[in-house]
Amino acid sequence: MTTRVLLLGGTGEARRLAGRLADDPAYEVISSLAGRVAEPALPAGRTRIGGFGGPDGLADWLARERIDAVVDATHPFAAVMTGSAVAAAARTGLPLVVLRRPGWTRDDGDDWRRVPSLEAAAANLPGERVFLTTGRKNLGAFAGDGRRWFLVRSVDPPEPPFPPRMETVLARGPFTVEEELALMRGRSVDVLVTKDSGSAMTAAKLTAARALGIPVVMVDRPPLPAGAAVVTSVDGALGWLAHAG
Ligand SMILES: NC(=O)c1ccc[n+]([C@@H]2O[C@H](COP(=O)([O-])OP(=O)(O)OC[C@H]3O[C@@H](n4cnc5c(N)ncnc54)[C@H](OP(=O)(O)O)[C@@H]3O)[C@@H](O)[C@H]2O)c1
């Protein structure tokens, strides 16, 4: 008997977990992507793309596909999807685990200012030339700021609303510390805004900000739904699945 797993993805951890499950005959894995990125890095195994239609649509899909277990390995800020997955799993009685990597931790020499939201970040910017790495759809909070200059980096072009004085760099990580230093120095960036994604793939900007003495406005993660089972690594998710299947 194979265990059919829905793996909600869009992260490096999800791709790594999909690879491990696809190699294991005990599992059939279906990865799910939202379809936000034009040319996504596809995981091993079967992939489906697009929303499910909220918790009800997901619950129907889980039953139709005879899924045995759900792993939510979405990004720590994909809170709507996680809430929907937890609700659908509860409704269908399926086991679910959230794979959530730990957040970043401050190092000696870091000047981090933690804020609860993008709006709070926009209201507390300790600089004039702002490097925004918060995602192409999260620029609305800064759109009313016509005074500061913004550098926005994203995989696909940013979506309006966005600030009037803005330069866009289209790039997909990971980035090296040297690349981040060159970008920040070259644009005379004096403040970095980031969400606390915790990803090693995108941590070089924090090292560069520390080296340049630049403050970092760190947007805290949204809370996880109460009672959700959580693991922090791909191995942790595999261990959980071995017992859930
Ligand atoms: N938020 C970030 O900063 C960030 C960064 C890197 C990667 N990502 C990835 O990008 C995707 C979208 O993130 P988001 O923050 O826009 O999500 P979100 O706001 O939590 O989700 C909004 C809606 O998008 C659909 N959706 C999201 N993730 C999905 C998935 N993996 N498979 C199928 N449908 C999905 C769902 O639609 P229905 O209600 O119709 O099911 C969900 O209700 C996620 O897969 C996430 O892992 C997000």
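Rules used in this analysis
Residues numbered from 1 in each chain as written. Predicted model: local features only at pLDDT ≥ 70, side-chain atom pairs only at ≥ 80, totals over all residues. Heavy atoms only, no water. Near = heavy atom within 4 Å. Polar contact = N/O pair within 3.5 Å; in protein donor to acceptor, adjacent residues only side chain to side chain. Areas by Shrake-Rupley, 256 points an atom, 1.4 Å probe, with all protein chains shown as cover. Helix = DSSP H or I, 4+ residues; strand = E, 2+ residues; numbered from the N terminus. Nonpolar A, V, L, I, M, F, W, Y, C, P; charged D, E, K, R; others polar. Domains from an automatic or database assignment. Buried area = accessible area lost by both parts, 1.4 Å probe. Salt bridge = Lys/Arg side-chain N within 4 Å of Asp/Glu carboxyl O. Pairing = 2+ DSSP bridges. Axes fitted to C-alpha atoms, helices over the stretch in contact; angles between N-to-C directions.

Within the structure, the ligand sits among 20 residues, and G9, S32, R36, F52 and K195 are positioned closest to it. With respect to the ligand, the side chain of S32 contributes an N or O atom lying 2.7 Å from a nitrogen atom. Contacts to the ligand include M81, whose backbone N or O atom sits 2.8 Å from an oxygen atom. For the ligand, whose free accessible area comes to 810 Å², the fraction covered by protein is 76%. Looking at the shell around the ligand, the elements that each hand over two or more residues are β2 (27–33) and α3 (79–92). Of all the elements, α3 adds the most residues to the shell around the ligand, at 3 residues. For the shell around the ligand, a count of residues per class yields 8 nonpolar, 9 polar and 3 charged.

Here the domain parsing of the chain yields domain 1 (3–102 + 222–244) and domain 2 (112–219). Relative to domain 2, the C-alpha centre of domain 1 lies at a distance of 28 Å. Both sides of the domain 1 and domain 2 interface together cover about 800 Å² of buried area, and 52% of this is carbon and sulfur. Counting the surface domain 1 buries against domain 2, the share from its top three residues, R36, F77 and R101, is 53%. Linking domain 1 with domain 2 are 0 salt bridges. Where domain 1 touches domain 2, the interface holds 4 residue pairs in polar contact (both at pLDDT 80 or more). Looking at side-chain class alone, the side of domain 1 that touches domain 2 contains 7 nonpolar, 1 polar and 4 charged residues.

Pairing is parallel in the open sheet, where 6 strands are placed in the order β6-β11-β10-β7-β8-β9. Bordering the open sheet on either side are β6 (112–115) and β9 (166–170), each of which pairs with just one other strand. On average, each strand axis in the sheet is tilted by 20° relative to the strand beside it, whichever way the strands run. Note that strand β8 (residues 149–154) and β9 share 5 bridges and pair parallel. The residue bridging S154 from the neighbouring strand is L170, located in β9.

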